[in-house]
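Remarks on the overall topology
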Amino acid sequence: GWTLLISFATGDGGWTPPVDLGDRIDGMEGRNLSGASITPDGRFLIFFAEEGQTAIPHWIDTSFIDNIRAEVLG
């Protein structure tokens, strides 16, 4: 399957291990996700979720990414 991953710069030239966004977006657990993009203003994550034979566009506020960043960077 496909999924969306995110990593964060650690400040020492490295990166955190990737976090599966599919596990963090309500209703998207275990679904095929692709085509992620963040709107120019940084407020929304747009992506596609597979539903049968169709890729359906979805969008979500990016504020949940700040929670993930705080969790993985401490």
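Check the entry above for the structure.
Residues numbered from 1 in each chain as written. Predicted model: local features only at pLDDT ≥ 70, side-chain atom pairs only at ≥ 80, totals over all residues. Heavy atoms only, no water.

**Observations concerning the overall build of the protein chain**
When you go through the protein chain residue by residue, the secondary structure sums to one helix and five strands. Each helix and strand of the protein chain, ordered N terminal to C terminal, gives the series β-β-β-β-β-α. C-alpha extents for the protein chain along the principal axes are approximately 45 × 25 × 20 Å. When the accessible surface of the protein chain is totalled, it reaches about 4,900 Å², and 53% of it is carbon and sulfur. Averaging the positions of the 4 positive and the 11 negative side-chain charges in the protein chain gives two centres separated by 4 Å. (Helix = DSSP H or I, 4+ residues; strand = E, 2+ residues; numbered from the N terminus. Areas by Shrake-Rupley, 256 points an atom, 1.4 Å probe, with all protein chains shown as cover. Lys, Arg positive; Asp, Glu negative; His and termini not counted. Charge placed at Lys NZ, Arg CZ, Asp CG, Glu CD.)

**Looking at helix α1 (residues 63-73)**
Within the sequence span of α1, burial applies to Phe64, Ile65 and Ile68. Taken down its axis, α1 places every buried residue within 100° of arc, on the same side. Packed against the buried residues of α1 are β1 (5-6), β2 (19-20), β4 (44-51) and β5 (54-61). Once α1 ends, the next one or two residues include Gly74, with phi positive near 85°. (Buried < 20%, exposed > 50% of the residue type's maximum accessible area, 1.4 Å probe, protein only. Arc of directions from axis to C-beta. Contact = heavy atoms within 4.5 Å.)

**Observations regarding the nonpolar core**
Leu21, Ile25, Phe47 and Phe64 are the most contacted members of the largest nonpolar core, which has 14 residues in total. Listed by contribution, the elements that provide at least two residues to this core are β4 and α1. In contact with Leu21, other than residues within four places in its own chain, are Leu4, Ile6, Leu45, Phe64 and Ile68. (Core = buried A, V, L, I, M, F, W, Y, C linked by side-chain atoms within 4.5 Å.)

**Considering the environment of Glu50**
Topologically, Glu50 is positioned in strand β4. Assessed through its relative accessible area of 32%, Glu50 is described here as partly exposed. When the C-alpha positions of Glu50 and Ser7 are compared, they lie 23 Å apart, and in sequence the two are 43 residues distant. Within the structure, the side chain of Glu50 is placed 2.5 Å from the side chain of Asn32, a separation counted as a polar contact. (Polar contact = N/O pair within 3.5 Å; in protein donor to acceptor, adjacent residues only side chain to side chain.)

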